[in-house]
Amino acid sequence: MTLAAAQQIDTGTVTVLAEVADGVGSITLNRPERRNALHAEMYEAVPRLLERFATADDVGCVLITGAGDAFCAGGDVRDGGSAKDVPAGDRDQQIAARAAILADNACMVSLLHNLPKVTIAALPGAAVGAGMSIALSTDLRIAARSARLIPGWAKLAFSGDFGGAWLLTHLVGPSKALELLIADVAIDADTAAHLGLFNRVVDDADLPAAARAWATTIAAGPTSAFAGTKANVLDALRLSLDEALLPESERMVRSALTQEHRDAVKAWLATANKKSKS
């Protein structure tokens, strides 16, 4: 198979790299010297890219990763976070203003979680705090064997941000999520896979190629059907079975009207005919 040349995307910042190739929209957090700790420019660039990929006809799957040997070290505590952007005021005003900024910065996890296309995180190394949240907000995760998930908040007497508790709770249940967040110890790749936090674990050297191959395979599939499947799964998190049946049925009917479905049926019939004649 001949792979198409990558289309580089101007992200407006060197802290985030992006490209589109073979149906995959790739985002790379690019501060390897700081283990890809989050930077103010990332809070604008990443959501903008996700919104672009959400509606791009040439993107069927979104892949997010980190440069170097880490995924993301979380918020950069050294730069003061959002505090420097808050005007003077009483305590409650300060809290509300800072919370609004933090929630706005965290919109990338909501976009990754709700994007109408399959999202994959490829972890070359540690994902800490908000970085762990970003990884867990994707639909699928593939990790290098040396990768770790580290909550990180408790060590700094933080309660957590970027949806970390919500994401962990939905993935492993409330009791286990609370245990992991309070213990605040590194979750190695094998343990993360056992808990269902990692879908695949590969040797470190194999991660870039394995992640790309997985994303390319998904992008080459029936992406409209996958969007409906993802919506069904998200509905399962918030609706009862009875409530979920009608929207699921509507998506099924819509998928039956697509060219993807007609092509798939044609291919299936051709294969079935060949088998019947052999």
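A brief look at the structure comes next. Keep in mind the model is a prediction, meaning the values are calculated, not measured.

1. Focus on the overall build of the protein
- When helices and strands are counted, the protein shows 11 helices and 11 strands.
- Scaling as 2.2 N^0.38, a compact globule of 278 residues should have a C-alpha radius of gyration of about 19 Å, and the protein matches this with 20 Å.
- Judged by the C-alpha coordinates and their principal axes, the protein covers about 75 × 45 × 35 Å.
- Pairs at least 24 residues apart make up 68% of the contacts formed inside the protein by residues separated by at least 6 positions.
- Here the protein has roughly 14900 Å² of accessible surface; of this, 58% comes from carbon and sulfur atoms.

2. Side note on helix H5 (residues 164–172)
- Those residues of H5 that fall on the buried side of the exposure criterion are Gly164, Leu167, Leu168 and Val172. In a view along the axis of H5, the buried residues occupy a sector of 100°, so they form one face of it.
- Lining the buried residues of H5 we find helix H3 (107–114), helix H4 (130–137), helix H6 (174–183) and helix H7 (189–195).
- Among the residues trailing H5, Gly173 stands out with phi positive, at a value near 95°.

Here is what the cut-offs are and how they apply
- Residues numbered from 1 in each chain as written.
- Predicted model: local features only at pLDDT ≥ 70, side-chain atom pairs only at ≥ 80, totals over all residues.
- Heavy atoms only, no water.
- Helix = DSSP H or I, 4+ residues; strand = E, 2+ residues; numbered from the N terminus.
- Rg over C-alpha atoms; globule rule 2.2 N^0.38 Å.
- Contact = heavy atoms within 4.5 Å.
- Areas by Shrake-Rupley, 256 points an atom, 1.4 Å probe, with all protein chains shown as cover.
- Buried < 20%, exposed > 50% of the residue type's maximum accessible area, 1.4 Å probe, protein only.
- Arc of directions from axis to C-beta.

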